[in-house]
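A structural walkthrough
Residues per chain are reported as follows:
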Amino acid sequence: QVQLVESGGGLVQPGGSLKLSCVVSGSASGRYEMGWYRQAPGKQRESVARISVIPVTRDADSVKGRFAISRDNAKNTMYLQMNNLKPEDTAVYYCNAAVPGSSMNYWGQGSQVTVSS
């Protein structure tokens, strides 16, 4: 059974940094397209950053230049380095692993990120 577990969330002041990790178990992460999504209260879940198998990355406009997604397949882990955090980045962050066109689509349980002074 494939499981994704996020860690690294927390409370940080505006302008601060956090690094999220997502560990994949039950399967080799290298086969999956992966990404980070977030959902703020009262809003729909949105894509933050995605990384392909190759890897090629794609970031949402709202986080370009501030967030960086990466992956280490040897560790079955994906990361999201978040710098210069803003209050509007406050949300629950979810990691996703999927094989496009298949039923293999997995989500982590979510990690709360709160940006507040």
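Residues numbered from 1 in each chain as written. Predicted model: local features only at pLDDT ≥ 70, side-chain atom pairs only at ≥ 80, totals over all residues. Heavy atoms only, no water.

Observations regarding the sheet that holds strand β8 (residues 77-82)
Spatial ordering of the open sheet is given by β1-β3-β8-β7, a layout of four strands whose pairing is antiparallel. In this open sheet, the two strands that pair with only one neighbour each are β1 (3-7) and β7 (67-72). The average angle at which neighbouring strand axes cross in this sheet is 15°, direction not considered. (Pairing = 2+ DSSP bridges. Helix = DSSP H or I, 4+ residues; strand = E, 2+ residues; numbered from the N terminus. Axes fitted to C-alpha atoms, helices over the stretch in contact; angles between N-to-C directions.)

Overview of the pattern of salt bridges
The tally for this structure, following the rule as stated, stands at four salt bridges. Between K64 and D61 there is a salt bridge, with its nearest N and O atoms 3.1 Å apart. Residue D61 is classed as exposed on the basis of its relative accessible area, which comes to 66%. Linking D89 and R66 is a salt bridge whose minimum nitrogen-to-oxygen distance equals 2.7 Å. (Salt bridge = Lys/Arg side-chain N within 4 Å of Asp/Glu carboxyl O. Buried < 20%, exposed > 50% of the residue type's maximum accessible area, 1.4 Å probe, protein only.)

A short note on the state of the cysteines
Here a disulfide denotes one covalent bond, and it connects the sulfur atoms of two cysteines. Enumeration according to the criterion identifies one disulfide in this entry. Here C22 is linked by a disulfide to C95, with a sulfur-sulfur distance of 2.2 Å. Its S-S torsion of approximately 60° makes the covalent link between C22 and C95 right-handed. Taken together, the positions of C22 in strand β3 (residues 18-25) and C95 in strand β9 (residues 91-98) put the pair 73 residues apart, joining distant regions of the chain. Both residues of the pair, C22 and C95, count as buried. (Disulfide = S-S within 2.5 Å.)

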